[in-house]
Amino acid sequence: MGPELTRRRVLTTGAAVAGTAVLTGPLSSAALAADHGKPGAKPTVVLVHGGFADASGWNGVISRLQHAGYPTLAPANPLRGLPVDVPYLASVLASVKGPIVLVAHSYGGAVITNAAVGNTNVKALVYVAAFAPDKGEQLGVLLDKYPGSLIAESIQGVPYPNPDGTTGTDLYLQPDKFRAAFAADLPVATTRLMQATQRPFSASSLTDVTQAAAWRTIPSWAMVATQDKAIPPALERFFYQRAGSHVVEAPGASHVPMISHPEATTRLIEAAAKSTT
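Nothing here was measured: the structure is a model prediction, and the numbers come from that model. (Residues numbered from 1 in each chain as written. Predicted model: local features only at pLDDT ≥ 70, side-chain atom pairs only at ≥ 80, totals over all residues. Heavy atoms only, no water.)

1. With respect to helix α4 (residues 82-94)
- The first and last C-alpha atoms of α4 sit 18 Å apart over 13 residues, in line with the 18 Å expected at 1.5 Å per residue.
- Those residues of α4 not exposed but buried are Leu82, Asp85, Val86, Leu89, Val92 and Leu93. The buried residues of α4 all sit within an arc of 125 degrees when viewed along its axis, so they share a single face. Exposed residues pointing more than 90 degrees away from the buried face of α4 are listed as Pro83 and Ala94.
- If you follow the buried residues of α4, they end up packed against β1 (44-48), β2 (72-73), β3 (100-106), α5 (108-115) and β4 (122-130). (Helix = DSSP H or I, 4+ residues; strand = E, 2+ residues; numbered from the N terminus. Expected span 1.5 Å × (residues − 1). Buried < 20%, exposed > 50% of the residue type's maximum accessible area, 1.4 Å probe, protein only. Arc of directions from axis to C-beta. Contact = heavy atoms within 4.5 Å.)

Following this line, the structure appears as structure tokens:
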């Protein structure tokens, strides 16, 4: 193999790596992984998105956490309902070595509440404008506990086929209602992109029954979005008071404070992470 061919292969490999993982901050992923098992190493932060969204909503937080030296992972939540999403996330968590700070937004809160149970590596939970249900509860019922959610009047159901031949229903936010219900404090151009690329979630997620409540045994931190029109702020406060969470509020924030208030969200996660050392 000649020098030029070797150089091309190195450049090509480097480009492929850059295309699949954005590395920011003073440490590379390899360095973080190598140090992860050492005493005093920072925990891995796992960030779980909710419905109508994908993991890119965490980008502003991820860049800040990585700059601070935290290993980060933001898996794709399948959004097929708790019986699918919970074991999937549990398998992702099982692949992470060392302590974990498990963070969730919106419906993702219900997923981590179930998936973290029994995993002794999960040292802290962080709920960001998220559900924190108790065993036996359903999200659809909880949404009716307090007024203020625009979700019911904003969704559109679209049938989809299940592998067993039955038909499920995907929930989308309608284009003209997406911004008001989900992200009213973001620029219109941004929310138009978010609406076009939204990931629907199964309507069954609203009726699935929570099987366990990790917040009963794992310390939690939480952020209330004070202008949330998806999960009413009063419901968020109810969840977090019941869980005994360390609570902060994001004044004026819509349902996506991790996007509109990434600095405050990062500080909350770091507070949780520092409690694990």
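Once you've had a look at it, read on.
2. Describing the packing of aromatic side chains
- Summed over the entire model, instances satisfying the criterion amount to eight aromatic pairs.
- Clustering of aromatic rings is evident, with ring pairs tying together Phe52, Tyr107, Phe178, Phe182 and Phe201.
- Geometry around tyrosine 70 places lysine 42 over its ring, the cationic atom sitting 4.6 Å from the centre.
- In this structure, arginine 80 packs its charged tip against the face of tyrosine 160, placed 4.7 Å from the ring centre. (Phe/Tyr/Trp six-rings, centres within 6.5 Å; stacked < 30°, edge-to-face > 60°. Lys NZ or Arg CZ within 6 Å of the ring centre and 35° of its normal.)

3. Side note on the nonpolar core
- Residues Leu102 and Leu125 are the most contacted members of the largest nonpolar core, which totals 75 residues.
- If one sorts the elements of this core by residue count, β4 sits on top with eight residues.
- Non-local contacts of leucine 125, meaning those with residues more than four positions away in its chain, are made with Leu102, Ile112, Ala116, Ala214, Trp215, Ile218, Pro219, Ser220 and Trp221. (Core = buried A, V, L, I, M, F, W, Y, C linked by side-chain atoms within 4.5 Å.)

4. Things to note about the layout of surface pockets
- There is about 300 Å³ of room inside the second largest pocket.
- Lining the second largest pocket are 20 residues; nearest its centre among them are Leu143, Ser149, Ile151, Leu206 and Ala230.
- Among the secondary structure elements, those contributing two or more residues to the lining of the second largest pocket are α6 (139-143) and α7 (151-154).
- Residue composition of the lining of the second largest pocket, by class: 14 nonpolar, five polar and one charged. (1 Å grid on protein atoms, 1.4 Å probe; cavity = no way out; pocket = protein on both sides within 12 Å on 5 of 7 lines; lining within 4 Å. Points joined across faces, edges and corners; volume = space filled by probe spheres on them. Nonpolar A, V, L, I, M, F, W, Y, C, P; charged D, E, K, R; others polar.)

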